[in-house]
Amino acid sequence: MSYLGLDIGGTTLGAAVATDGVDPVATATAPTPQTGVTKRLCDLVDRTCGAAGLAPTDIAAACIGSVGPLDQKRGAVAGPANVADETIDLVGPLCALLETDAVVLYNDATCGAIAEAHADPTTENLVYLTLSTGVGAGIVVDGSPLLGDSHNAGEVGHLPVDPAGAMSCGCGGEGHWEAYCGGANLPRYARHLHEAEAVETRLHLTAPEFTAADIFAAAGDPLADLVVERVGYWNTLGIATLVQTVAPECVAVGGAIARNNPETILEPIRERLPEQTFLDAPDLRLATCEEPVLTGALVAAHEHNA
Ligand SMILES: [Zn+2]
């Protein structure tokens, strides 16, 4: 049996084919175009199947892990943030290409949670938190992924964490978690703290190439240290909300911001979390999977066909 896992990201599309179990025999990526994402994805599937020595119609089942928000009725992404396409049709075109109805569409972080749970089968309750351009979570509870209406559970980047609402979010809301801790928003948050609290800095805050990486590279700079401390605070509040809601045994943190700065991100949360949780603080660790979305999508495709 052959399975297909897909990763629909705001900047990159990924595909993986597994023929025995869930270890991929072929993978491929392509940049996410601003328009025509569906066509680019179908070409990528063709190419990945070809590299595995298969035709698309040899695939028994597929799972798509995608940026949200998802529209399950249409099998599509409805109004993605970083792509010009208003709707990205996924399930229908994939079913046609693979000539099967065994295609499921999950939020990408849900696939990450499925991958982490697969890697540690003794854990029944787990949160996979991704700290990347944005913030999101996948949740496995009682051994099953939490999907929610239209499979949109886990959009926790839009949890309100700051009642003062100092930072506005890309979604239009105020005080949302990812407005403070999403990689795309960190430069803006640094500029806000610089102005609001008059903190000295040698960071070039107004340079067009100023990014989150510059903040993490400037340890010892008063403003960089303040941003890291506040990010730790907001991350702790967001995670505490998840811990109280889900009662996970483990919170596995992935995404580029966490992977590139593991201790800078995780240590402040470990220190603060016990003060914010009514329940015992869960094991907080870096996610283990290198390709959490593709791995989780392959696991889900496999299980869908079981
Ligand atoms: Zn938001």
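In this text, all values refer to a predicted model and were calculated from it rather than measured experimentally.

(A) Just the packing of aromatic side chains, in detail. Applying the stated rule across the entire model yields three aromatic pairs. For the ring pair Y180 and Y189, a centre distance of 5.2 Å and an interplane angle of 75° mean the geometry is edge-to-face. Each member of the pair, Y180 together with Y189, is buried. Ring centres of Y180 and W234 lie 4.7 Å apart, and the angle between their planes is 45°; on these two criteria the pair is classed as tilted. Of this pair, Y180 sits in helix α4 (residues 177–181) while W234 sits in helix α7 (residues 222–246); the two residues are 54 residues apart in sequence, bridging distant segments of the chain. What links up through ring pairs into an aromatic cluster is the set Y180, Y189, Y233 and W234.

(B) Looking closely at the domain arrangement of the protein. Entries for the protein in the domain assignment read domain 1 (2–107 + 291–305) and domain 2 (121–286). Its C-alpha centre places domain 1 at a distance of 27 Å from the equivalent point of domain 2. Each partner contributes residues to the interface: domain 1 has nine residues there, and domain 2 has seven residues. Counting each side, the surface lost to burial between domain 1 and domain 2 is near 690 Å², with a carbon and sulfur contribution of 47%. The largest per-residue losses of area from domain 1 upon contact with domain 2 belong to Q72, Y106 and N107, which jointly make up 55% of the total buried on that side. The interface formed by domain 1 and domain 2 contains zero salt bridges.

Reading the values: the criteria
Here the residue numbers are simple positions, counted from 1 along each chain's written sequence. In keeping with the predicted nature of the model, local features appear solely for residues at pLDDT of at least 70, side-chain atom pairs appear and are counted solely at 80 or more, and the whole-chain, interface and lining totals rest on all residues. Side-chain metrics rest on all non-hydrogen atoms present in the structure, leaving aside hydrogens and water. Each aromatic pair joins two rings of Phe, Tyr and Trp (for Trp, the six-membered one) with centres within 6.5 Å, and gets the label stacked for planes under 30 degrees apart, edge-to-face for over 60, and tilted for any other angle. The classification of residues rests on relative accessible area computed with a 1.4 Å probe and restricted to protein chains. Under 20% of the type maximum is buried, over 50% is exposed, and intermediate values are partly exposed. Each helix corresponds to a stretch of at least 4 residues labelled H or I by DSSP, and each strand to a stretch of at least 2 residues labelled E; elements are numbered beginning at the N terminus. How far each domain reaches was decided by an automatic or database domain assignment. Contacts between residues were defined by any pair of non-hydrogen atoms, one from each residue, lying within 4.5 Å. By convention, the term buried area covers the 1.4 Å-probe accessible surface removed from two parts as they join, with the contributions of both added. Counted as salt bridges are all cases of a side-chain nitrogen of Lys or Arg within 4 Å of a carboxyl oxygen of Asp or Glu.

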